[in-house]
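# Chains, contacts and geometry: an overview
Below, each chain spelled out in residue letters.
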Amino acid sequence: MLIQEKLAVCWKERLKRLVPGTFMQPKTPSAVNKIKQLLKDKPEHVGVKVGVRTRGCNGLSYTLEYTKTKGDSDEEVIQDGVRVFIEKKAQLTLLGTEMDYVEDKLSSEFVFNNPNIKGTCGCGESFNI
């Protein structure tokens, strides 16, 4: 069996065990609170949308934007009233990922703890799977 065939079988088996809402694991309380705070000033938006784009020196980068509606093929994760939508193209990439929000003396940012990542660039902007 070719490597591509083995990977396809592995992903198919993994997907069979999934139930809606497991593409992205629960968000930490810090992330939930920050999203609530951000959405409070934007009543026309119903949540945030997470995606991945090809960019950076290592291949992929996360995107996060406000959204007014759920897309037809978006996966929806609801926790403590916060709605996060995952774009179809990002669903396998974000499988099992935890979303966090961290603040330190120099920065504050959403962080994705993704068990699928095989490598990142030196600055942390992009990753590969």
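Computed from a predicted structure; not experimentally measured.

With that settled, the discussion passes to unusual backbone geometry. Of note in this structure, Asp80 is not a glycine but carries a positive phi near 50 degrees. If you trace the backbone, Asp80 turns up in the loop between β3 (75–79) and β4 (82–86).

Time to look at the pattern of salt bridges. Applying the stated criterion to the full structure yields three salt bridges. Across the salt bridge formed by Lys49 and Asp74, the nearest N and O atoms sit 2.9 Å from each other. Taken together, the residues span a long stretch of sequence, with Lys49 in strand β1 (residues 47–54) and Asp74 in the loop between β2 (60–67) and β3 at a distance of 25 residues. There is no split in this pair, since Lys49 and Asp74 are both buried.

With the rule as written, the count across this model stands at two aromatic pairs. With a centroid separation of 4.3 Å and 25 degrees between ring planes, the pair formed by Tyr62 and Phe112 is classed as stacked. Of this pair, Tyr62 sits in strand β2 while Phe112 sits in strand β6 (residues 108–113), placing them 50 residues apart in sequence. Since its relative accessible area comes to 12%, Phe112 is described here as buried.

About the criteria used
- Residues numbered from 1 in each chain as written.
- Predicted model: local features only at pLDDT ≥ 70, side-chain atom pairs only at ≥ 80, totals over all residues.
- Heavy atoms only, no water.
- Helix = DSSP H or I, 4+ residues; strand = E, 2+ residues; numbered from the N terminus.
- Salt bridge = Lys/Arg side-chain N within 4 Å of Asp/Glu carboxyl O.
- Buried < 20%, exposed > 50% of the residue type's maximum accessible area, 1.4 Å probe, protein only.
- Phe/Tyr/Trp six-rings, centres within 6.5 Å; stacked < 30°, edge-to-face > 60°.

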